[in-house]
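# Examination of the molecular architecture
Spelled out from the first residue to the last, the chains are:
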Amino acid sequence: MINEPQRIKLCIIDDIRSVVDMISQKPPWEEHHIEVVGTALDGEDGIRLVKETKPDIVLTDIRMPKKDGLAMTQEILVSAPSTKIVILSAYTDFSFTRQAIRLGAFDFVKKPFSIDEIVQVVLKAKASFEEERQGQSKAIEMEQQVRKSLPVLQQEYLSLLVHHKTNAITAFQKWQTLRIQLAPQNFNLFIVELDRFMDKYKAQPAREVELIRFSLRNILEETIASFISGGVVFSEALNRFICLINCEDMRIAEQISEACRLNIYQFTNSTISIGIGSCVASIDELPDSYEQALSALAYHFYSDGNGVNSYLGIANEEKTLLNYTASTEQEFLMALRSGNREKCRLILEQIFNDLLQRDPLPKPQQVENLCYELSSKICRVMLEQFPSDRVKRLEERWNHVKRTGVISFQIIRDTVKDICLEACSWIEQERSDESTKLIYQAKDYICANLHLNLSLDYCAKQFNLSPGYFSNLFKKVLNISFQRFVIHQRMEKAKEMLIDDYQVQEIARELGYEHRRYFSEIFKKHTNMTPSEFKLYSTGKISQPLDLAHKQS
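Only a predicted model underlies this, so the values are computations on that prediction, with no experimental measurement involved.

Turning our attention to the sheet that holds strand β1 (residues 8-13). Strand pairing in a sheet relies on backbone hydrogen bonds. The paired strands run either parallel or antiparallel. The parallel open sheet is built from five strands, whose spatial order is β2-β1-β3-β4-β5. Either end of the sheet is taken by a strand with one partner, and the two such strands are β2 (34-40) and β5 (107-110). Strand-to-strand twist of the sheet, defined as the mean angle between neighbouring strand axes without regard to direction, takes the value 20°. As paired strands, strand β4 (residues 84-89) and β5 are joined by four bridges and run parallel to one another. Across the sheet, the residue bridging to Ser 89 is Lys 110, located in β5. Packed onto the sheet, helix α1 (residues 17-25) meets β1, β2, β3 (57-61) and β4 and runs at close to 170° relative to β2. Across the sheet, helix α2 (residues 43-53) lies against β1, β2 and β3, angled at about 145° from β2, the strand it touches most.

So this is what it looks like as structure tokens:
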């Protein structure tokens, strides 16, 4: 059904009855969707009529008893400025007509006039009125649309402000335009993240997830409002909200954050992690506070969530890279190669306990990098003895943790331990074979008697095997030739003794070398360093260390 055009209301006021009747009755007003809602013969009645009927267009004479057209025009336009007033005037009243136009009258018609002239001027007034009304409707509609979209626009703009630097004056102008309910100075920002969001809600329908997020946001807003009047909460991701408050005191910001954590747990039984940035004075400093809050949030890596961390607590964090000593690495890899589960476990515990005892705690990314390095070294050692396809199973353990996106200190520590212990179990399983056991006995014998003349013939005789069979079996089981293994063990022992401050001559004699010079040549060939250079490196006196890795052909 097509909507009919809205009717225009017309009032006619003139002190001559015949003029009133002619204008009101002769023109086909209905055809033009115009309704004559009333007539009057003097100014006072005319004013009463206008107040009662609220017409859109008024036709009025200038000269009338009780109140003239000028006074009427002025009074009508004060209360109803959109009314279109058309003045009816004789030639002698032209000066009054100009005054009426100045007061706001829409147009005038000179007397005597024809019906066509009256119709034309009324239709002209009607068109102007409808145009203005349409403009007002559009303005109202736009205002309603702006109001509806204002929360989204506010969130988008606040998100822009916390992620990118901006000019404080320009930002303040936009701040006012978007009617953001915060004072434009003295802020604190904290980030709220729902712990293990995807694990808990990935199977839930989208509507359920949205309801959960809606309730979380409401709790955050109500909690903040119970402390201070200036606070805005907006979404950054499915599992994350940014809370922006007017606050100059970090202690208050920490109290509000802790109250948010407790209330969300009380009303939803969900845990959250919160990172608090420092207080800043102006809008252009918001990105600094956001980055600080993000850094603080990252430290829930150690607690596995359900806590509040402030940037002030980590502001003096270490700038040096995490590492462990060369001797610790060598000891760990030797224990791994021998399949010594207990020793591997103890060394890893020592490394991880050292990280937790540091004050302040290391950056989470540094710890993650260190654990990745450890797992990679375990896999490289396993490649010495096992096929690459099998070793990929160990690598997949670490990759699986990375893919989940849920990384905490406990998770990556346990992952590295699991990789290490499984690697040790492989080696133990390999040793179960009798011939394999024999070679490992030979290996242990060699490691315990490095001072002897450990020739191939001598060692084969100790185990009642022919030199050729012993050599082949040794290479097959340990993936290294007999001679290279003996040299490797002697050189590793030499490193330990150098670290323990033994003299080169003592070390050469202890490892079965008659001449110090020959020992030094073998050591340099093995390590790319002389014994003296290695000693300086192990004590940190050489800042650019040479490659210590044993290059096997």
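Moving on from the model shown.
This brings us to unusual backbone geometry. Cis peptide bonds are those with omega within 30 degrees of zero, and the linkage from Lys 111 to Pro 112 qualifies with -5°. In this structure, Arg 196 is a non-glycine residue whose phi angle is positive, near 50°. Relative to the helices and strands, Arg 196 resides in the loop between β6 (185-194) and α7 (197-201). Given a relative accessible area of 31%, Arg 196 falls into the partly exposed group. The phi angle at Asn 528 is positive, at roughly 65°, despite the residue not being glycine. Counting through the fold element by element, Asn 528 comes out in the loop between α21 (516-527) and α22 (531-538).

Take the pattern of salt bridges next. In a structure, side chains of opposite charge can pair up when their charged atoms sit close to one another. Throughout the structure, instances matching the rule amount to 29 salt bridges. Here Arg 217 makes a salt bridge to Glu 221, at a shortest N to O gap of 3.4 Å. You can see Arg 217 and its partner Glu 221 sitting in helix α8 (residues 206-225), four residues apart, about one turn around the helix. One salt-bridge network, held together by shared partners, links Asp 14, Asp 61 and Lys 111.

With that settled, consider the side chain of Ser 289. Note on placement: Ser 289 falls in helix α10 (residues 286-298). Leaving out residues up to four positions away in the same chain, Ser 289 has contacts with Leu 189, Gly 277, Ser 278 and Val 280.

Let's shift gears to the pairing of β1. For β1, a buried count of five out of six residues is recorded, marking the element as mostly surrounded by other parts of the structure. In this sheet, β2 lies alongside β1 in parallel orientation, the contact comprising six bridges. If you follow Ile 12 over to β2, its bridge partner there is Thr 39. Where the polypeptide runs from β1 across α1 and back to β2, its parallel neighbour, the crossover connection is right-handed. Across four bridges, the pairing between β1 and β3 is parallel. In the strand pairing of β3, Cys 11 is matched with Val 58.

Parameters and conventions
Residue indices follow the written sequence of each chain, beginning from 1 at its first position. Totals for whole chains, interfaces and linings use every residue, but because this is a predicted model, local features are given only for residues with pLDDT of at least 70 and side-chain atom pairs only at 80 or more, for both listing and counting. Each side-chain value is derived from all of the structure's non-hydrogen atoms; neither hydrogens nor water enter the calculation. For two strands to be treated as a pair, DSSP must find no fewer than two bridges joining them. Helix and strand definitions here come from DSSP, where helices need a minimum of 4 consecutive H or I residues and strands a minimum of 2 consecutive E residues; each element is numbered from the N-terminal end. Note on definitions: angles span 0 to 180 degrees between N-to-C directions of axes, and those axes are lines fitted to C-alpha atoms, for helices only across the stretch in contact. Any two residues whose heavy atoms approach within 4.5 Å at even a single point are treated as in contact. Only protein chains enter the accessibility calculation, which uses a 1.4 Å probe; a residue is then buried when its area is under 20% of its type maximum, exposed when over 50%, and partly exposed in between. A carboxyl oxygen of Asp or Glu within 4 Å of a side-chain nitrogen of Lys or Arg is what we treat as a salt bridge. The definition of a right-handed crossover adopted here requires that, viewed with the strands pointing away, the path from the first strand over the helix to the second runs clockwise.

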